[in-house]
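Working through the structure, step by step
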Amino acid sequence: GGISSFSLAQEKYTPSKENLENRQWFRDAKFGMFIHWGIYSMLADGEWVLTNKNLNEEEYQKLADGFYPSKFNADEWVRTAKDAGMKYICFTSRHHDGFSMFDTKQSDYNVVKATPFKRDVIKELAEACQKHGLKLFLYYSHIDWHRPDYYPWGRTGRNTGRTPSGTWEDYLKFMDAQLTELLTNYGSIGGIWFDGWWDKPDADWQLERQYTLVHRLQPGCLIGNNHHKAPFEGEDFQMFERDLPGQNKAGYSADAEISTLPLESCETMNNTWGYNINDRNFKSTKQLIHTLVGASGNNANLLLNVGPRPGGDFPEGSVTRLKEIGEWMKTYGETLYGTRAGIVPHQPWGVTTQKDNKLYVHILNLDKTELLLPITGKKVKSIARFKDKTPVKYKKTKEGILLQLEEIPADIDHVIEIVWR
Ligand code: FHN
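Attention here is on the structure that accompanies the text. (Residues numbered from 1 in each chain as written. Predicted model: local features only at pLDDT ≥ 70, side-chain atom pairs only at ≥ 80, totals over all residues. Heavy atoms only, no water.)

1. Concerning the site of the ligand
Taken together, 15 residues are adjacent to the ligand, and His 36, Glu 47, His 96, Asp 195 and Glu 241 come closest. Taking His 36, its side chain carries an N or O atom lying 2.7 Å from an oxygen atom of the ligand. One nitrogen or oxygen atom from the side chain of His 96 is found 2.7 Å from an oxygen atom belonging to the ligand. When isolated, the ligand has an accessible area of 330 Å², and the protein chains bury 95% of it. Residues that form the shell around the ligand fall into these classes: seven nonpolar, five polar and three charged. (Near = heavy atom within 4 Å. Polar contact = N/O pair within 3.5 Å; in protein donor to acceptor, adjacent residues only side chain to side chain. Areas by Shrake-Rupley, 256 points an atom, 1.4 Å probe, with all protein chains shown as cover. Nonpolar A, V, L, I, M, F, W, Y, C, P; charged D, E, K, R; others polar.)

Laid out in structure tokens, this is it:
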């Protein structure tokens with residue numbers, strides 16, 4: 001009823017014990033896989049193809065008739081993520097095109113009802129994640145370019161030829177019902193990754209009601225919302241799109257103050273989230289590792305995106321990079337997992353991470369052999385190269401610890417391990 005839900009919504013959110021434990025797990029996890037996959041993948045032109053190419057929405061729906069990803073193998077996806085050193089997966093349960101990639105009773109426009117494939121992708125992913133010990137997060141779009149009750153239309157998706165009908169409350173109820181399914185039918189969900197609030201920032205989203213529902217169904221479920229602002233009440237982590245916290249390189253996060261919540265940066269491997277056959281502009285493995293290390297050094301996880309092909313397999317450019325990152329993580333993962341940003345904040349040469357009595361100095365860009373760490377008043381037990389434990393020469397100066405390396409660092413990440421007494 002109106003009055004009780006109103007008073008509920010006014011209460012300040014107190015995260016549950018499970019939620020706080022999950023946040024801790026999240027801060028330790030450091031690395032996850034974002035997956036953008038839907039019927040848009042068939043057009044191989046990114047997940048925005050419906051509106052970017054001015055397609056007619058009714059025509060677009062017919063894509064579902066041809067969706068038969070014979071190479072889809074949830075187990076293989078999850079194993080690929082795990083082998084890359086990732087601890088969780090975040091999958092697009094429903095993107096802006098409004099097509100649900102799971103068995104939902106709320107609309108027939110879903111992978112089980114509308115495609116010849118008929119399989120519940122989220123069920124298979126949930127089982128594979130369970131089997132391999134990864135957590136499953138679900139991306140959930142606030143925007144909907146399909147439903148007539150997503151009205152007044154937002155900034156995007158106005159050109160698809162829809163006629164409005166129904167009420168905004170219908171739309172909110174639809175989302176509540178879908179979230180209830182997602183948080184009831186697939187076991188424990190690590191988090192819900194909302195996106196699209198920014199399409200209609202002035203709409204009455206009733207986020208408190210939505211967040212309360214999520215936390216009532218699964219108190220441990222972490223809520224994040226890609227609204228590019230400082231976190232709203234009820235959220236459990238803060239994300240930065242294509243950015244390390246505070247950098248605002250992508251231009252989205254100008255007014256996103258960095259909160260004390262767990263942080264996550266998401267990034268593409270090439271330039272698009274959903275599969276795009278013409279986008280071969282892949283970042284190098286080295287660049288991707290630098291982003292991962294940079295994220296850890298800024299207290300953020302990296303959620304690295306893959307846009308699977310229409311047939312259900314990962315693009316080769318993604319697979320090779322994930323393998324190489326996984327190799328690197330076998331050796332260096334220890335310097336990231338479970339760490340927090342180190343006492344030396346982000347530097348032009350790299351970052352630091354720390355755990356217990358160890359400081360990991362990640363040298364990413366240095367064209368000399370001397371490096372001054374502005375750390376004073378700490379007692380050094382040992383300083384060594386992480387990979388082979390070769391001692392590193394150093395001097396203690398008034399300004400700090402001056403490392404004297406044997407040569408200019410040439411590895412992807414030259415990690416020095418300092419152990420304090
Ligand atoms: O519009 C979406 C986009 O398709 C993609 O899902 C990204 C992922 O962070 N979020 C939105 C853009 O901010």
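This is not the end of the story, as more comes after the structure.
2. Some points on the pattern of salt bridges
If you walk through the whole model with that rule in mind, you get 24 salt bridges. In this structure, Lys 389 engages Glu 417 in a salt bridge whose closest nitrogen and oxygen atoms are separated by 3.7 Å. Here Lys 389, found in the loop between strand E13 (380–385) and strand E14 (393–396), pairs with Glu 417, found in strand E16 (residues 414–420); they are 28 residues apart in sequence, far enough to count as distant. For Lys 389, a relative accessible area of 45% gives the class partly exposed. Assessed through its relative accessible area of 8%, Glu 417 is described here as buried. Linked by salt bridges that have partners in common, Glu 169, Lys 173, Asp 176 and Arg 209 make up one network. (Salt bridge = Lys/Arg side-chain N within 4 Å of Asp/Glu carboxyl O. Helix = DSSP H or I, 4+ residues; strand = E, 2+ residues; numbered from the N terminus. Buried < 20%, exposed > 50% of the residue type's maximum accessible area, 1.4 Å probe, protein only.)

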